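So you can see what is in the structure, the chains are spelled out below.
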Amino acid sequence: SDSTTVTVAAAPGLAIDKTFSGNTGFALSNGQAMANVGDTLTYTLSYLLVDATATNGVITDVLPAGLGYVDGSATNGGDFTFQGYDSATRTLTWTADVVEASGSVTYKITVLAGSFDLPQPLTNTATIDSDETAPSSATADVGVQVVLAETDNPPTTLPPTDALNSDAGSSTPGFGLMLALLVLAGIGMVTGQRASSPRRLRREEIRRR
């Protein structure tokens, strides 16, 4: 009998994971991460290669409405090179002729004004693919906290309390009446003093006589 040895090459495997940081909103009770308008988030796409090399690797990431790509922020990583951002399809793309090891790439986005009015949370999906592997995808969800609109009506400014008290006191009927009575009383006292002076002089003259 004859024997033979057959070596079977292991098929490569590619998987991807997606995380982000930089959000300043409070997490919801269900664990949903929240961001505020104006936050700059950094997304990290980590890919794992197993068993063998892969050829013609491609990573794509599609941004949802409400998130704006920060120009020039995407990085190369491992065997992958950033190819650019397509604003029409809102897609970032990285490619690798040969994927020989695991690695990661990153990019940044800005949370745009009005994004809290969109269906929440905002979800974007990254996918990695190659000639030898099936596509592998990962998603990341971020909610955007509501911004309360400012009203056009200016706040009402009340006058100081001391001004109110002084104005009210001088304009009340009781205050005017009091002043009038004081004036009349003063006039009466002056008149009485003038009238009593001659009488005292006459009494003194009579006593001397």
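Residues numbered from 1 in each chain as written. Predicted model: local features only at pLDDT ≥ 70, side-chain atom pairs only at ≥ 80, totals over all residues. Heavy atoms only, no water.

## Regarding the sheet that holds strand β6 (residues 81-86)
Right, on to step 1. Across the sheet, which stays open at both edges, the six strands sit in the order β2-β10-β9-β4-β7-β6 with mixed pairing between neighbours. Two strands lie at the open edges of the sheet, namely β2 (34-35) and β6, each paired on one side alone.
Right, on to step 2. Here five bridges tie β6 to strand β7 (residues 91-99), and the two strands are oriented antiparallel to one another. Bridged to Y85 within β7 is L92. (Pairing = 2+ DSSP bridges. Helix = DSSP H or I, 4+ residues; strand = E, 2+ residues; numbered from the N terminus.)

## Describing the sheet that holds strand β5 (residues 67-69)
Right, on to step 1. Here we have four strands laid out as an open sheet, ordered β1-β3-β8-β5, and antiparallel in their pairing. In this open sheet, the two edge strands, each paired with only one partner strand, are β1 (13-21) and β5. Strand-to-strand, the axes of this sheet are offset by a mean angle of 35°, without reference to chain direction.
Right, on to step 2. For β5 and strand β8 (residues 103-111), the ladder comprises three bridges, and the chain directions are antiparallel. What sits directly across from Y69, in β8, is I109. (Axes fitted to C-alpha atoms, helices over the stretch in contact; angles between N-to-C directions.)

## Some remarks on unusual backbone geometry
Right, on to step 1. At the junction of Q120 and P121, the peptide bond is cis and its omega measures out at -5° in the coordinates.
Right, on to step 2. Within the fold, P121 resides in the loop between β8 and β9 (122-129).
Right, on to step 3. One non-glycine residue, D51, lies in positive phi territory at about 75°.
Right, on to step 4. Examined against the element boundaries, D51 turns out to sit in the loop between β3 (40-50) and β4 (54-62).
Right, on to step 5. Here the phi dihedral of R90 falls at roughly 55°; this positive angle occurs in a residue that is not glycine.
Right, on to step 6. Counting through the fold element by element, R90 comes out in the loop between β6 and β7.
Right, on to step 7. You can call R90 partly exposed: its relative accessible area is 25%. (Buried < 20%, exposed > 50% of the residue type's maximum accessible area, 1.4 Å probe, protein only.)

These values are about where atoms sit, not about what they do.
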